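# Survey of secondary and tertiary structure
So you can see what is in the structure, the chains are spelled out below.
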Amino acid sequence: MGTELLNQRVSILWVDPQGFINAELADVAPAECVTEGIVARIDTETIVIRSSLYTGTETGDYTALPLGCVKKVDII
């Protein structure tokens, strides 16, 4: 994964770490999740997805995903 994804609209399949209290061991597992948006930044550890942006600024809504949690990235 590299800079070719910058500013691309993507759909990312990733696993979300979960915490469990008073749970059966068989039920303990991370949850699969899908996030869609524009790749705002990517480095050796993290991909940052932007889902909204205020016009003329870098202020918006972002999701930072550790690359180790990412299973698949598709350009939309």
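Note on numbering: residues in each chain are counted from 1, in written sequence order. A pLDDT threshold of at least 70 governs which residues receive local features in this predicted model, and a stricter bar of 80 or more applies before side-chain atom pairs are shown or counted, although totals over entire chains, interfaces and linings include all residues. Side-chain metrics in this entry use all non-hydrogen atoms of the structure; hydrogen atoms and water are not considered.

## Comments concerning the side chain of T35
For the purposes of this entry, the term helix denotes a DSSP run of H or I that reaches at least four residues, the term strand denotes a run of E that reaches at least two, and both are numbered from the N terminus. Inspection of the secondary structure assignment puts T35 in strand 2 (residues 31-42). Buried residues are those whose accessible area, probed at 1.4 Å on protein chains only, stays under 20% of the maximum for their type, while exposed residues exceed 50% and partly exposed ones sit between those limits. Look at T35 and you get buried, because its relative accessible area is 13%. A distance of 2.9 Å separates a polar atom in the side chain of T35 from a polar atom in the side chain of W14. Any pair of residues with heavy atoms lying within 4.5 Å of one another is described as a contacting pair. Residues in contact with T35, not counting those within four places in the same chain, are V10, S11, I12, W14, I49 and T63. Side-chain atoms alone can form a polar contact between residues adjacent in sequence; in general such a contact is a pair of N or O atoms within 3.5 Å, and within protein one must be able to donate a hydrogen while the other accepts it.

## Here's the deal with the pairing of strand 3 (residues 46-53)
For a regular strand, the rule is simple: side chains alternate between the two faces of the sheet. Of the pairings in the sheet, the one linking strand 2 to strand 3 comprises four bridges and is antiparallel in character. Opposite I38, over in strand 3, you have R50 as the bridge partner. Across seven bridges, the pairing between strand 3 and strand 4 (residues 60-66) is antiparallel. If you follow I49 over to strand 4, its bridge partner there is T63. A pair of strands is considered paired only if DSSP assigns at least 2 bridges between the two. As consecutive antiparallel partners, strand 3 and strand 4 are separated by six residues, and within that stretch G56 has a phi angle of approximately 75°, a positive value.

## Here we look at the pairing of strand 2
By the bridge criterion, eight bridges tie strand 1 (residues 9-16) to strand 2 in an arrangement that is antiparallel. The partner of R9 across the bridge, within strand 2, is I38. Here strand 2 folds back onto strand 3, and the loop between the two strands holds three residues.

## Notes on the sheet that holds strand 3
The five strands lie next to each other as 4-3-2-1-5, forming an open sheet whose pairing is antiparallel. The open sheet is flanked by strand 4 and strand 5 (70-75), the only strands paired with a single partner. Averaged over neighbouring strand pairs, the angle between their axes works out to 40° when direction is ignored. Lines fitted to C-alpha atoms define the axes here, with helix axes fitted over just the stretch in contact, and angles between the N-to-C directions of these axes take values from 0 to 180 degrees.

## A short note on unusual backbone geometry
Even without glycine at this site, N7 takes up a positive phi of about 65°. Tracing the backbone through its elements, the reader meets N7 in the segment before strand 1. Owing to a relative accessible area of 58%, N7 belongs among the exposed residues under this scheme. Although it is not a glycine, N22 sits at a positive phi angle of roughly 55°. Assignment of secondary structure puts N22 in the loop between strand 1 and strand 2.

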